[in-house]
Amino acid sequence: MPIAENIAAVRERVAAAARRANRNPDDITLMGVSKTFSVDAIRQAYAAGLRVFGENRVQEAQSRWTDRREGLRLHLIGPLQTNKARDAVALFDVIETVDRPRLARALADEIQQAGRAPRLYIQVNTGEEPQKAGVAPGDADAFIAAATREFGLEIEGLMCVPPAEEPAAMHFALLAKIAQRNGLARLSMGMSADFETAIRFGATSVRVGSALFGGRHYAQPSAA
Ligand SMILES: *Cc1c(COP(=O)(O)O)cnc(C)c1O
(Lines give C-alpha, C1' and ligand atoms only; values in the text may rest on other atoms or scores of the structure.)
Protein backbone atom coordinates (compact mmCIF):
# COMPACT_ATOMS: atom_id res chain seq x y z
CA MET A 1 0.00 0.00 0.00
CA PRO A 2 1.21 3.52 -0.70
CA ILE A 3 2.56 5.30 2.36
CA ALA A 4 -0.13 8.00 2.19
CA GLU A 5 -2.82 5.33 2.51
CA ASN A 6 -1.01 3.66 5.40
CA ILE A 7 -0.82 6.99 7.20
CA ALA A 8 -4.54 7.62 6.70
CA ALA A 9 -5.40 4.12 7.94
CA VAL A 10 -3.18 4.41 11.03
CA ARG A 11 -4.58 7.87 11.81
CA GLU A 12 -8.08 6.37 11.70
CA ARG A 13 -7.05 3.60 14.07
CA VAL A 14 -5.43 6.13 16.44
CA ALA A 15 -8.61 8.21 16.45
CA ALA A 16 -10.83 5.16 17.00
CA ALA A 17 -8.65 3.95 19.89
CA ALA A 18 -8.77 7.42 21.43
CA ARG A 19 -12.56 7.56 21.22
CA ARG A 20 -12.85 4.11 22.79
CA ALA A 21 -10.76 5.39 25.69
CA ASN A 22 -12.86 8.59 25.96
CA ARG A 23 -9.86 10.62 24.88
CA ASN A 24 -9.52 13.42 22.35
CA PRO A 25 -7.74 12.05 19.24
CA ASP A 26 -5.96 15.44 18.90
CA ASP A 27 -4.12 14.69 22.14
CA ILE A 28 -2.24 11.81 20.52
CA THR A 29 0.68 12.47 18.20
CA LEU A 30 1.48 9.99 15.45
CA MET A 31 5.25 9.66 15.03
CA GLY A 32 6.61 7.98 11.91
CA VAL A 33 9.64 5.89 12.80
CA SER A 34 11.73 6.35 9.68
CA LYS A 35 14.88 4.43 10.70
CA THR A 36 16.22 2.30 7.84
CA PHE A 37 13.59 3.57 5.38
CA SER A 38 14.60 5.54 2.30
CA VAL A 39 14.64 9.28 2.01
CA ASP A 40 12.02 8.82 -0.68
CA ALA A 41 9.73 7.08 1.81
CA ILE A 42 10.23 9.98 4.21
CA ARG A 43 9.36 12.46 1.43
CA GLN A 44 6.16 10.57 0.70
CA ALA A 45 5.20 10.61 4.37
CA TYR A 46 5.94 14.33 4.59
CA ALA A 47 3.89 14.99 1.47
CA ALA A 48 1.02 13.07 3.10
CA GLY A 49 1.12 15.45 6.05
CA LEU A 50 3.23 13.56 8.60
CA ARG A 51 5.35 16.05 10.57
CA VAL A 52 6.77 14.07 13.48
CA PHE A 53 9.51 11.53 12.82
CA GLY A 54 11.59 9.26 15.03
CA GLU A 55 15.13 8.08 14.38
CA ASN A 56 17.20 5.56 16.35
CA ARG A 57 20.71 6.67 15.56
CA VAL A 58 22.27 10.08 15.61
CA GLN A 59 24.55 9.46 12.64
CA GLU A 60 21.87 7.97 10.42
CA ALA A 61 19.55 10.83 11.30
CA GLN A 62 22.23 13.41 10.52
CA SER A 63 22.73 11.98 7.06
CA ARG A 64 19.03 12.02 6.25
CA TRP A 65 17.69 15.15 7.89
CA THR A 66 20.13 17.75 6.60
CA ASP A 67 17.51 20.00 5.01
CA ARG A 68 15.02 20.60 7.78
CA ARG A 69 11.53 21.19 6.53
CA GLU A 70 8.74 23.44 7.68
CA GLY A 71 6.96 22.36 10.84
CA LEU A 72 9.01 19.22 11.24
CA ARG A 73 9.72 17.62 14.61
CA LEU A 74 12.47 15.07 14.91
CA HIS A 75 12.68 12.69 17.90
CA LEU A 76 15.62 10.56 18.98
CA ILE A 77 14.20 7.23 20.15
CA GLY A 78 17.37 5.09 20.21
CA PRO A 79 20.14 4.88 22.83
CA LEU A 80 22.37 7.95 23.01
CA GLN A 81 26.10 7.73 23.69
CA THR A 82 27.47 10.54 25.81
CA ASN A 83 29.97 11.50 23.10
CA LYS A 84 27.09 12.12 20.67
CA ALA A 85 25.21 14.42 23.05
CA ARG A 86 26.36 17.55 21.21
CA ASP A 87 25.19 16.28 17.82
CA ALA A 88 21.90 15.12 19.31
CA VAL A 89 21.23 18.50 20.94
CA ALA A 90 21.95 20.21 17.63
CA LEU A 91 19.70 17.98 15.53
CA PHE A 92 16.73 16.72 17.53
CA ASP A 93 13.65 18.52 18.79
CA VAL A 94 12.96 15.81 21.35
CA ILE A 95 15.38 13.32 22.94
CA GLU A 96 13.36 10.46 24.42
CA THR A 97 16.16 8.25 25.70
CA VAL A 98 17.72 10.02 28.68
CA ASP A 99 18.51 7.16 31.05
CA ARG A 100 21.61 7.75 33.19
CA PRO A 101 23.31 10.51 35.17
CA ARG A 102 26.36 10.78 32.91
CA LEU A 103 24.13 11.37 29.90
CA ALA A 104 21.95 13.83 31.83
CA ARG A 105 25.03 15.83 32.75
CA ALA A 106 26.38 15.77 29.18
CA LEU A 107 23.03 16.95 27.82
CA ALA A 108 22.84 19.73 30.41
CA ASP A 109 26.33 20.92 29.38
CA GLU A 110 25.59 20.78 25.67
CA ILE A 111 22.23 22.52 26.04
CA GLN A 112 23.92 25.37 27.85
CA GLN A 113 26.66 25.62 25.23
CA ALA A 114 24.33 25.40 22.27
CA GLY A 115 21.67 27.72 23.62
CA ARG A 116 19.19 25.23 22.18
CA ALA A 117 17.14 22.91 24.37
CA PRO A 118 15.48 19.85 22.88
CA ARG A 119 12.55 18.60 24.91
CA LEU A 120 13.54 15.60 27.03
CA TYR A 121 11.94 12.30 28.00
CA ILE A 122 13.37 9.62 30.26
CA GLN A 123 13.41 6.06 28.97
CA VAL A 124 12.29 3.44 31.48
CA ASN A 125 13.31 -0.19 31.02
CA THR A 126 9.95 -1.47 32.24
CA GLY A 127 10.84 -5.11 31.58
CA GLU A 128 14.26 -4.75 33.24
CA GLU A 129 15.84 -6.40 30.21
CA PRO A 130 19.64 -6.39 30.48
CA GLN A 131 20.17 -5.72 26.77
CA LYS A 132 17.78 -2.78 26.71
CA ALA A 133 18.44 0.86 27.52
CA GLY A 134 16.45 2.77 30.11
CA VAL A 135 16.44 3.38 33.83
CA ALA A 136 15.05 0.53 35.97
CA PRO A 137 11.50 1.21 37.22
CA GLY A 138 12.70 1.15 40.83
CA ASP A 139 15.28 3.86 40.09
CA ALA A 140 13.01 6.03 37.97
CA ASP A 141 11.70 8.41 40.66
CA ALA A 142 15.20 9.15 41.95
CA PHE A 143 16.57 9.64 38.44
CA ILE A 144 13.75 11.98 37.42
CA ALA A 145 14.39 14.03 40.56
CA ALA A 146 18.15 14.12 39.92
CA ALA A 147 17.73 15.08 36.26
CA THR A 148 15.56 17.99 37.32
CA ARG A 149 17.28 19.22 40.49
CA GLU A 150 20.89 18.17 40.06
CA PHE A 151 21.27 18.69 36.31
CA GLY A 152 18.63 21.38 35.80
CA LEU A 153 16.95 19.52 32.95
CA GLU A 154 13.31 20.02 32.14
CA ILE A 155 11.85 16.53 31.83
CA GLU A 156 8.59 16.40 29.93
CA GLY A 157 7.69 12.74 29.81
CA LEU A 158 8.60 9.07 29.79
CA MET A 159 9.21 6.52 27.05
CA CYS A 160 9.35 2.71 27.06
CA VAL A 161 9.85 -0.25 24.73
CA PRO A 162 8.18 -3.28 26.38
CA PRO A 163 9.67 -6.78 26.06
CA ALA A 164 8.61 -8.31 22.75
CA GLU A 165 7.39 -11.55 24.32
CA GLU A 166 5.17 -10.11 27.07
CA PRO A 167 1.75 -8.45 26.88
CA ALA A 168 2.51 -4.76 26.51
CA ALA A 169 -0.43 -3.56 28.61
CA MET A 170 1.21 -4.06 32.01
CA HIS A 171 4.31 -2.19 30.85
CA PHE A 172 2.23 0.72 29.56
CA ALA A 173 0.33 0.80 32.86
CA LEU A 174 3.60 0.85 34.80
CA LEU A 175 5.00 3.71 32.71
CA ALA A 176 1.78 5.70 33.14
CA LYS A 177 1.92 5.19 36.90
CA ILE A 178 5.54 6.38 37.16
CA ALA A 179 4.69 9.44 35.04
CA GLN A 180 1.66 10.27 37.11
CA ARG A 181 3.38 10.14 40.48
CA ASN A 182 6.19 12.32 39.13
CA GLY A 183 3.88 14.86 37.52
CA LEU A 184 5.03 14.17 33.95
CA ALA A 185 2.46 14.83 31.24
CA ARG A 186 3.87 13.04 28.19
CA LEU A 187 3.98 9.30 27.51
CA SER A 188 5.75 7.95 24.41
CA MET A 189 4.61 4.34 24.11
CA GLY A 190 3.11 1.98 21.56
CA MET A 191 4.49 0.74 18.23
CA SER A 192 2.91 -0.84 15.14
CA ALA A 193 1.80 -3.97 17.01
CA ASP A 194 0.36 -2.33 20.12
CA PHE A 195 -0.30 1.40 19.69
CA GLU A 196 -4.03 0.98 20.30
CA THR A 197 -3.34 -0.64 23.67
CA ALA A 198 -0.88 2.15 24.49
CA ILE A 199 -3.55 4.77 23.74
CA ARG A 200 -5.87 2.99 26.15
CA PHE A 201 -3.21 3.38 28.86
CA GLY A 202 -2.61 7.07 28.17
CA ALA A 203 0.00 7.35 25.39
CA THR A 204 0.36 10.93 24.18
CA SER A 205 2.52 9.84 21.26
CA VAL A 206 2.80 6.54 19.45
CA ARG A 207 5.92 5.50 17.52
CA VAL A 208 4.88 3.68 14.37
CA GLY A 209 7.31 2.31 11.79
CA SER A 210 6.34 -0.74 9.80
CA ALA A 211 2.58 -0.05 9.79
CA LEU A 212 3.36 3.18 7.92
CA PHE A 213 6.41 2.34 5.84
CA GLY A 214 6.20 -1.43 5.39
CA GLY A 215 8.63 -4.10 6.59
CA ARG A 216 12.19 -3.20 7.44
CA HIS A 217 15.02 -4.86 5.57
CA TYR A 218 18.24 -4.89 7.49
CA ALA A 219 21.31 -5.19 5.31
CA GLN A 220 23.30 -6.45 8.29
CA PRO A 221 22.60 -7.27 11.92
CA SER A 222 21.87 -4.14 13.92
CA ALA A 223 24.53 -3.11 16.40
CA ALA A 224 22.04 -1.22 18.56
C1 LIG B 1 11.71 0.64 15.48
C2 LIG B 1 11.11 1.30 16.65
C3 LIG B 1 9.75 1.63 16.66
C4 LIG B 1 8.79 1.28 15.54
O5 LIG B 1 8.57 -0.07 15.48
P6 LIG B 1 7.46 -0.71 14.50
O7 LIG B 1 7.18 -2.02 15.09
O8 LIG B 1 8.09 -0.76 13.15
O9 LIG B 1 6.29 0.21 14.51
C10 LIG B 1 9.27 2.30 17.77
N11 LIG B 1 10.07 2.63 18.82
C12 LIG B 1 11.38 2.33 18.84
C13 LIG B 1 12.21 2.70 20.00
C14 LIG B 1 11.93 1.64 17.76
O15 LIG B 1 13.23 1.32 17.79
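Just above sits the structure.
Reading guide: rules and limits
Residues numbered from 1 in each chain as written. Predicted model: local features only at pLDDT ≥ 70, side-chain atom pairs only at ≥ 80, totals over all residues. Heavy atoms only, no water. Phe/Tyr/Trp six-rings, centres within 6.5 Å; stacked < 30°, edge-to-face > 60°. Helix = DSSP H or I, 4+ residues; strand = E, 2+ residues; numbered from the N terminus. Buried < 20%, exposed > 50% of the residue type's maximum accessible area, 1.4 Å probe, protein only. Near = heavy atom within 4 Å. Polar contact = N/O pair within 3.5 Å; in protein donor to acceptor, adjacent residues only side chain to side chain. Areas by Shrake-Rupley, 256 points an atom, 1.4 Å probe, with all protein chains shown as cover. Axes fitted to C-alpha atoms, helices over the stretch in contact; angles between N-to-C directions. Parallel < 35°, antiparallel > 145°, perpendicular 65-115°, else oblique. Left-handed = near helix turned anticlockwise from the far one by under 90°. Contact = heavy atoms within 4.5 Å. Nonpolar A, V, L, I, M, F, W, Y, C, P; charged D, E, K, R; others polar.

**Q** Help me out: how do you make sense of the packing of aromatic side chains in this one?
**A** Note on aromatic pairs: each is described by the distance of the centres and the angle between the planes. Within the structure shown, the criterion is met by two aromatic pairs. With 5.0 Å between their ring centres and 25° between their planes, F37 and F213 make a pair best called stacked. Taken together, the positions of F37 in the loop between β1 (29-33) and α2 (39-47) and F213 in helix α9 (residues 210-213) put the pair 176 residues apart, joining distant regions of the chain. When its relative accessible area of 10% is taken as the criterion, F37 is described as buried. For F213, a relative accessible area of 11% gives the class buried. Seen in terms of ring centroids, F53 and W65 are 5.0 Å apart; in terms of plane orientation they differ by 50°. Their pairing is tilted. In this pair, F53 is assigned in strand β2 (residues 52-55) and W65 in the loop between α3 (58-64) and β3 (73-76), connecting sequence segments twelve residues apart. Like F53, the residue W65 is buried in the burial classification.

**Q** Even after reading the chapter, I still don't get the site of the ligand, so can you show me in this structure?
**A** In the vicinity of the ligand, 13 residues are found, and the nearest of them are K35, S192, R207, G209 and S210. In the model, an oxygen atom of the ligand is placed 2.7 Å from a nitrogen or oxygen of the K35 side chain. Within the backbone of S210, a nitrogen or oxygen atom sits 2.8 Å from an oxygen atom of the ligand. Out of a free accessible area of 390 Å², the ligand has 88% covered by protein chains.

**Q** I would appreciate a short explanation of the packing of helix α6 (residues 137-149) against helix α7 (residues 169-181) in the present structure.
**A** If you want to describe how two helices pack, look at the angle between their axes and the distance between the axes. For the pair α6 and α7, the least separation of the axes is 10 Å and the interaxial angle reads 25°. It follows that α6 is roughly parallel to α7 by the angle criterion. Read as a crossing pair, α6 and α7 show a hand that is right-handed. For the pair α6 and α7, contact is made by P137, A140, D141 and I144 and by L174, I178 and R181, respectively. In terms of residue class, the contact of α6 with α7 is made up of five nonpolar, no polar and two charged.

Keep in mind that these numbers describe shape and distance, not what the molecule does.
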